[in-house]
Amino acid sequence: MDLALTREEEAFRAEARAWLDAHVPAVAPPSLETAQGFAAHRAWEAELAAGGWSVVDWPARYGGRDCGLIRWLLFEEEYYAAGAPGRVNQNGISLLAPTLLEHGTEEQRTRVLPPMARGETVWAQAWSEPEAGSDLAALRSRAVRADGGWRLSGQKTWSSRAAFADRAFGLFRSDPDAAKPHQGLTYVMFDLRAPGVTVRPIGRLDGKPAFAELFLDEVFVPDEDVIGAPGQGWRIAMSTAANERGLTLRSPGRFLASAERLHALWRERGGPPEEGARVADALIGARAYQLFTYGAACRFLAGERLGPESSLNKLFWSEYDIALHETALDLLGEEGERADTDWAERYVFSLAGPIYAGTNEIQRDIVAERLLGLPKGRR
Amino acid sequence: MRFLLDAEQRAFAASLDALLTAADTPKAVRAWGRGEHGPGRALWLRLADAGVFALAVPEAYDGLGLRPVDLAVAFVELGRHAVPGPVVETVTAAALIREPGPAKRLLPALAAGGSVATVAYQGAYALDGDLADVRLSLAPDGLRLAPGHDAVRASLDPARRLTRLRPGGELLGAGPPAPEALLLARLTTAAQALGVGLALLDRTVAYVRQRTQFGVPVGSFQAVRHRLADARTALEFARPLVLGAAVTMAPADVAAAKVSACEAAYATARTALQLHGAIGYTEEYDLSLWLTRARALRTAWGTPQECRAQVLAARA
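Residue numbers here run from 1 along each chain, matching the order of that chain's written sequence. Each chain gets a letter, beginning with A, and each ligand a number, beginning with 1, in the order they are written. Residues qualify for local features only when their pLDDT is at least 70, as the model is predicted, and side-chain atom pairs are given and counted only at 80 or more; totals for whole chains, interfaces and linings, by contrast, use all residues. Only heavy atoms go into the side-chain values, all of them from the structure, while hydrogens and water stay out.

Novice: I'm lost on the interface of chain A and chain B in this one. Help?
Specialist: The parts lose accessible area when they come together, and the size of an interface is often stated as this lost area. Residues are treated as being in contact if the distance between any of their heavy atoms lies within 4.5 Å. Taken together, the contacts link 47 residues of chain A with 41 residues of chain B. Buried area adds together the accessible area that both of two parts lose upon being put together, with accessible area traced by a 1.4 Å probe. Across the chain A/chain B interface, buried area totals approximately 4,000 Å², and carbon plus sulfur atoms make up 69% of it. Of the charged contacts in the structure, one is a salt bridge between Arg287(A) and Asp253(B), with a shortest N-O distance of 3.1 Å. By the criterion applied in these results, polar contacts are pairs of N or O atoms within 3.5 Å in which, for protein atoms, one can donate a hydrogen and the other can accept it, and in which residues neighboring in sequence qualify only through two side-chain atoms. Remark: the boundary between chain A and chain B carries 15 residue pairs in polar contact (both at pLDDT 80 or more). Those elements that place two or more of their residues in the side of chain A that touches chain B are helix H7 (252-268), helix H8 (273-301), helix H9 (309-332) and helix H11 (360-371) of chain A. Under the scheme used here, helices are H or I runs from DSSP no shorter than 4 residues and strands are E runs no shorter than 2 residues, and both carry numbers assigned from the N terminus. Top contributing element to the side of chain A that touches chain B by residue count: H8(A), with 16 residues. Gly counts as polar in this scheme, as do all residues outside two lists: the nonpolar Ala, Val, Leu, Ile, Met, Phe, Trp, Tyr, Cys and Pro, and the charged Asp, Glu, Lys and Arg. Its residues placed into classes, the side of chain A that touches chain B shows 27 nonpolar, six polar and 14 charged. Here a salt bridge means any side-chain nitrogen of Lys or Arg lying within 4 Å of a carboxyl oxygen belonging to Asp or Glu.

Novice: Looking at this structure, I do not really get the pattern of salt bridges. What am I missing?
Specialist: Note on pairing: side chains with opposite charge can pair once their charged atoms come close. Residues and elements named next belong to chain A. Applying the stated criterion across every chain yields a total of 54 salt bridges over all chains. The partner of Asp206 in a salt bridge is Arg204, and the shortest N-O contact between them spans 2.8 Å. By relative accessible area, which is 12% here, Arg204 ends up buried. The rule is simple: take the accessible area with a 1.4 Å probe, protein chains only, and divide by the maximum for that residue type; under 20% is buried, over 50% is exposed, in between is partly exposed.

Novice: What's the story with the sheet that holds strand S2 (residues 125-127) of chain B in this structure? I'm lost.
Specialist: Remark on secondary structure: sheet strands pair via backbone hydrogen bonds, oriented parallel or antiparallel. Residue and element names in this part refer to chain B. Spatial ordering of the open sheet is given by S2-S6-S5, a layout of three strands whose pairing is antiparallel. On the outer flanks of this sheet lie S2 and strand S5 (153-154), each paired with one strand and no other. Think of it this way: DSSP has to see at least two bridges between two strands before they count as a pair. As judged from the two bridges shared by S5 and strand S6 (residues 161-164), these two strands associate in the antiparallel manner. Bridging from a neighbouring strand, Arg153 pairs with Leu162 of S6.

Novice: How should I be thinking about the pairing of strand S7 (residues 211-222) of chain A in this particular structure?
Specialist: Regular strands have side chains that alternate between both faces of the sheet. Residues and elements named next belong to chain A. As paired strands, strand S3 (residues 149-160) and S7 are joined by nine bridges and run antiparallel to one another. Across the sheet, Arg151 pairs through a bridge with Phe220, a residue of S7. Pairing analysis gives six bridges linking strand S6 (residues 197-202) to S7, with the strands arranged antiparallel. Pairing of Thr198 across the sheet is with Phe215, part of S7.

Novice: What is the right way to read the packing of aromatic side chains from this model?
Specialist: The geometry of an aromatic ring pair is captured by two quantities: the separation of the ring centres and the angle between the planes. Two aromatic rings from Phe, Tyr or Trp, using only the six-membered ring of Trp, form a pair when their centres are within 6.5 Å; if the ring planes differ by under 30 degrees the pair is stacked, by over 60 it is edge-to-face, and anything between is tilted. Taken as a whole, this structure holds 27 aromatic pairs over all chains when the rule is applied. Aromatic pair Phe75(A) and Tyr79(A): ring centres 5.7 Å apart, planes at 50°, arrangement tilted. Taken together, the residues Phe75(A) and Tyr79(A), both in helix H3 (residues 68-81) and four residues apart, mark about one turn of the helix. On the basis of relative accessibility, which here comes to 1%, the residue Phe75(A) falls in the buried class. Here Tyr79(A) falls in the buried class, since its relative accessible area comes to 0%. Plain terms: the ring middles of Tyr289(A) and Phe237(B) are 6.3 Å apart, the flat faces sit at 25° to each other, and that makes the pair stacked. Remark: Phe237(B) occurs in helix H8 (residues 222-248) and Tyr289(A) occurs in helix H8; the pair is interchain, linking two chains. By relative accessible area, which is 1% here, Phe237(B) ends up buried. A connected cluster of aromatic rings, assembled from ring pairs, spans Phe255(A), Tyr289(A), Phe292(A), Phe316(A), Trp317(A), Tyr320(A), Phe349(A), Tyr356(A) and Phe237(B).

Structure, rendered in structure tokens:
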């Protein structure tokens, strides 16, 4: 057992740090949940891609560096330590892309991935529906066979980034007569500006349009925008969901950087002892998450499949993120009420953690049944 | 980077688990609490045969050299089985005794399990000072072999017996103690706490699967399931801190491991007690052996406050 990096890994880390030092904007762009901030973040994605840093773990032929999991983790540590902007294309890069790499066709990968890497196509997630959030088996939006493709109808909601994004991916019921509710779903990519799509931005708690409702009326999608076989959407989505809760949605880098920022804030405020324990716990939690992830990455590289333990991961980081940001706002005192600070922006974002990507109640049920072996329960 | 236990380390853990399962450890724990040390000493010898105490003794004195990761692996198992006695203190003593004379005289017996040691700062409680063969006092001028101990006081954990060591005695080494020896005490306490937490979780999961109320297993109620899921989460995130600290032996990492493992174990103890109901609140039921241990380990070798302060101080 060791934590030693190879000389190549150290060199990769140094290269990333040098590039980020030279390129991270000195003044942070506005919130990516605003039109102006969205455009600025898109431009940053293009700059990252030009430097070869937007999708380091992808195969080189789609714009990546094929760098592997450990180097990806190191890159993320450097990225957030450098104070680089949040990733506007997170949904595309960490949810859709792994799905395409695992289940897509070469034509789809070649067509979809490079513009995603350059920020030219920003993707929104279109999974939830008004009566189906964490319970994706209850989806009702439909895909009906049409000449050369499918016609989508129905309503999606809580679609992150959809207010300003270009395209979306989601599940649609293609066989209403399937024996079980999670059968007969098809995984589809569609254009948010296609005829028949209406996007209604939804303001989150602070009023910024971080997500949207999508109304779909006979929206045509060609066959080449269906991922995997029709009717297999659930299985494909579940592999994406494991990615979302697991390693790739929240790398430890951002929490390590946040904990360091919190510690700096605490020192700047004179190191008040009443918050000292909470600041120490934030530092400890970030280290725990980093080492847990290293362990998971090593197990994955040793050929183990990461299954329901991704639910532990999601429970940990989502609760951790809120505690850290609550501590920061408390340290700020009266200033903690202001809405125009980075801390406030990140605090509001952290509040959504236990709700999205499958609520934490669902994650606890998964842990109880699949890791602890408890009997199926009354939900 | 290979942040994974290797096959040998996993086999070592499995062999200790098998040994302690076969040995009726709960019976030895209860006897120890009554001051009958025979079964515990027998267990101690078997642990020594498996190599546990040699992991902190230099090779020159019949040991295996200081191997913190293997010690952490072993102490998780000792915690899982609630092994009684000054196990932490014995490996700490092995790492503290550096002068060739005392080392040659004392270490081989510690490695072999025939000799039991306790260690404490002068004036603080030493665990099981009444039965220890070697009583080390961390005195202002150095490491001393204490001449004796005062009255035995009960711990909240009936298997732990608290004693203060008498001042004075033979000076075994002048100056401050080797820092890694004291880090080892904190690390093995953390590992032991993690094992205690894992045992509490396992036992509680087994209990709520078979205990029924309102015609269904208690474990099917969401309020119960969710508490156990939270306990599992806390323990799973303490584990890499304990192993990572064993790899780096950095003071802040060891302190982080101690806080995290002890808090997770203690939270699990509260959950275990609640979900067992009144049976868990009795001393006759074996769960009590881990419930009280979880509380005692929180303050042993570094309170949560001291450990958190260490984490903050490392960045000052």
